[in-house]
Amino acid sequence: MPFATPLAQQLDATSLRPRANAGRARLGRASFSTSFSFAADSDTSLSLAPAPAMLFRATAEQGHLGISQCSPRPKPSPASARSTRVSRTAAPGPTRAATSSGHERAAGSTRPGSRLARDAAEDEDDEMDWSTIDTMRLWRHDAILQHLYETAAFWGDKVLSWTADPNDAFWLAQTYFLTGHYVRASTLLTSVLPPARLPRHLSSSRTDGVHEHANGNGHEDDMNGGCGGGLIDGKGKGRETDSGRRLVDQSLACRYLAAQCLVHQEHYEDALEMLGESNPFRGAAESAPNDEGIKLHSSLCFLRGQLHLRLSSFTLAKESFMEALTIDVKNYDAFKELVEGGMMTAEEEFDFVAHLPFGALPAAEAPLVRLMYTSRLRKNTGHAAHVRAARQSLAADYALGDNADVMVGLAEELYGQYKWEECYEVTSRILTRVPSHAAALPLHLASMHHLPRLRSSLFLLAHELVAADPGAATTWYAVGLWYFSGRRWADARRYFAKANLVDPRFAPGWIAFAHSFAYEGEADHAITAYSTAARLFPGSHLPLLFIATQHLHLASPLATDFLLAAQTLHPSDPLLLNELGVDAYNKGDAAAAAALFERALDEARDMQEASWADTWANLGHARRVLGDYAAARAAYTTAQRLDPLHVTAHTALGLVAHLAGDVRAAITTYHAALALAPSDPMATVLLEMALGEQADALGPATIDGLPAEVGLGFAGLARAVSAPAPAAPPAAEIAFMPANPEVVPPHAHAHAHAHAHAHAQAAPTHGRRRADRVSDENAYEDETMDIEDD
């Protein structure tokens, strides 16, 4: 009897939770699965025992089990005249005492009434001598564990030709699926098996068993759904089997595998027809207790949701994912699609996770699963404190502070607060341990984009990703982001489009693709791209917000409608509040605009302050229009302190001085603004007005530092050759400047799939529009861009 390698000793097929001595590793003669345990001792041998006898399970009942439990598992035939009982010490491997002691520990560590407990109890029977077929089945299983799929398919095909066993057919279909032969696998699963044809030298010892299984002569079957045998009635009496039925018509596991094959062939309608548009076992699936493993009902609902996504039925997809997670809270794939895929709003996410049936899990695991899911929710909502507390509890109580998935939550929080340096440090630690971590890599790229000193590092990382994983969406997103950092919009857009082609559910790629149009001034194309993102990610407010910014640039009244729609999804987003303030300012309601700007700054109090210089400038504009020059000057001064190169703040400070009658101070400030941006049109116009006002109203003789005789000479020359100077314009004419705060154009954002939180700062830049947007909710990239006014 061959040994099992330590590689094979990985997971008990009836219990996905690692437990010491959960049961012996065993491979029955006709058993579907290899059940490997995490034994505390060094026993690595495969204990070969017949599968336990078990009644057929109804189709609905199969979905309450894991796939290894409800897939075809016919009971081996009874020993023939040539079969002999042998002791466990007859085979190479551990001694009988060691094996028996392992059984005793396994029996004591199992839960009463569980499948594992029944198996452990029935495995105490002596094992039968193996035939050639049994040995070849072992070859098949061992080849699969060692990723020798062609070897597994080769020997598995020979076994199936002899036995016509549904269990062997399922394993062969699994091998075809793993090798990418989806047509062969689906054909096998949807066809009627031919009759068994054993070779002559095996027929004497195995024919009885095969015919007993095929004809249903009363022996119980362990196929958990009748995949290839008859049903057993309540008295244990065999009924007539339906040997002419296909595997997919008898086993949910076979149907699930066949649907997966159709999905990989892109036959989405056929796969959905095989699964059904809705769960036919809805009531039974949700009420049944968990029998360990991932419930097959949950996997079927998840696959159904993916098919609805492929067919653009987003509402049905959302319902299917929610049902999959409700049936089995351990189905993280469904959680990821709902939360990281932007299918639910922030409030919906929190309420849904809070009411998941964690009580169906064992008492030891339920708190862990709840905390893990809570830590993955959005960090920029009213429930941010709960999310932070969950992450801290995972670190303190479960020693998961250094786990990559837990650290991603911290990185998302830092990114949402615009703390690029700190986020970059955390993501660097994650990627050192788990290269190309799906959630950390987009955050890492976004942080590098926001740190100019890392632009060369971004270039190198993009090249490494192209060489290592050219089939990933994040790879081409990294390339596009590097071009985007260099303001090469067309080149960036080409690679963003490639990322979207690789993964249509990659949110950062769609948003960055739309931003590339916005930066080029192609508002119509940008709105179309944002609309596509809004359709794909209905739970995110960012696409609606960016559509509104484009309408603000176009002075379209539709901007208000899109802003209000975004507000229903995320009412406390500082970026959204800023844009609402801009819209109110444009409508002449300066008081409402000032209130919205102040609220935006209050919501952003925990974020990196320097990122909100534009909003402080906007607040100054609103206060200036209201006549509160002192408050306006304070707001402009704050913006100038946060961003010393903020041209709008310098120009606006000059305007406040100009309105207050201090023309010379205004001239000095205008010159400072033009020193930062020599071509700024608003500062230029205001400087000309101030110089003209000073020359006409004050006279050159009053200019400080100018000799009196020079001043009198200039004055006489002016009287001799010039017409009388017009009167100085009233202050009301000078105050034309900030007619509208600037609408901030969208920016490329780099994190997606993690639903990040976007923030933009809109500031009136006197003739130009400057944007500094940051995004962390769906992970959209941001930087700064200037667009000339029409």
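What counts, and where the lines are drawn
Residues numbered from 1 in each chain as written. Predicted model: local features only at pLDDT ≥ 70, side-chain atom pairs only at ≥ 80, totals over all residues. Heavy atoms only, no water. pLDDT = per-residue confidence, 0-100. Contact = heavy atoms within 4.5 Å. Phe/Tyr/Trp six-rings, centres within 6.5 Å; stacked < 30°, edge-to-face > 60°. Helix = DSSP H or I, 4+ residues; strand = E, 2+ residues; numbered from the N terminus. Buried < 20%, exposed > 50% of the residue type's maximum accessible area, 1.4 Å probe, protein only. Lys NZ or Arg CZ within 6 Å of the ring centre and 35° of its normal. Core = buried A, V, L, I, M, F, W, Y, C linked by side-chain atoms within 4.5 Å. Axes fitted to C-alpha atoms, helices over the stretch in contact; angles between N-to-C directions. Parallel < 35°, antiparallel > 145°, perpendicular 65-115°, else oblique. Left-handed = near helix turned anticlockwise from the far one by under 90°. Nonpolar A, V, L, I, M, F, W, Y, C, P; charged D, E, K, R; others polar. Salt bridge = Lys/Arg side-chain N within 4 Å of Asp/Glu carboxyl O.

Let's talk about the confidence of the model for the protein chain
At step 1: Per-residue confidence for the protein chain gives a mean pLDDT of 74; residues scoring 70 or more make up 65%.
At step 2: With pLDDT under 50 throughout, residues 1–56 is counted as low confidence; its partners more than four residues away or in other chains account for 190 contacts.
At step 3: Across residues 73–112, confidence stays below pLDDT 50; counting only partners more than four residues off in sequence or on other chains, it has 94 contacts.

Section: the packing of aromatic side chains
At step 1: Throughout the structure, instances matching the rule amount to 24 aromatic pairs.
At step 2: Centroid distance Trp139 to Trp155: 5.1 Å. Interplanar angle 70 degrees. Geometry classified as edge-to-face. Of this pair, Trp139 sits in helix α5 (residues 132–145) while Trp155 sits in helix α6 (residues 149–163), and the two are 16 residues apart along the sequence.
At step 3: For Trp139, a relative accessible area of 41% translates into the label partly exposed.
At step 4: For Trp155, a relative accessible area of 28% gives the class partly exposed.
At step 5: Every member of this aromatic cluster is reached through a ring pair, and the members are Tyr477, Phe484, Trp489, Phe496, Phe506 and Tyr519.
At step 6: Sitting over the face of the ring of Phe154, Lys158 holds its NZ or CZ atom 3.8 Å from the ring centroid.
At step 7: Geometry around Trp482 places Arg455 over its ring, the cationic atom sitting 5.1 Å from the centre.

Brief notes about helix α21 (residues 440–450)
At step 1: In terms of burial, α21 is largely enclosed, as eleven of its eleven residues are buried.
At step 2: All of the buried residues along α21 are Ala440, Leu441, Pro442, Leu443, His444, Leu445, Ala446, Ser447, Met448, His449 and His450.

Brief notes about the nonpolar core
At step 1: The biggest cluster of nonpolar side chains holds 115 residues, and the ones touching the most others in it are Leu325, Phe358, Tyr373, Leu445, Tyr477 and Tyr530.
At step 2: The next biggest cluster of nonpolar side chains, apart from the first, holds 34 residues, and it includes Leu189, Leu257, Phe281 and Leu303.

A look at the packing of helix α27 (residues 542–553) against helix α28 (residues 558–569)
For any two helices packed against each other, one specifies the inter-axial angle together with the distance between the axes.
At step 1: Two elements in contact, α27 and α28, have axes separated by 8 Å at closest approach and are oriented at 160 degrees. With respect to α28, the element α27 is oriented roughly antiparallel. Like other packed secondary-structure pairs, α27 and α28 cross with a definite hand, here left-handed. Listed contacts from α28 to Leu544, Leu545, Ile547, Ala548, His551 and Leu552 of α27 are Leu558, Ala559, Phe562, Leu563, Ala565, Ala566 and Leu569.
At step 2: The residue inventory of the contact of α27 with α28, partitioned by class, reads twelve nonpolar, one polar and no charged.

Some words on the pattern of salt bridges
At step 1: Overall, the coordinates contain 24 salt bridges when judged by the stated rule.
At step 2: A salt bridge links Asp249 to Arg255, with the nearest nitrogen and oxygen atoms 3.3 Å apart.
At step 3: Under the relative-accessibility criterion, Arg255 is labelled partly exposed at 22%.
At step 4: What emerges from the salt-bridge pattern is a single network uniting Asp134, Arg137, Arg140, Asp165 and Asp168.

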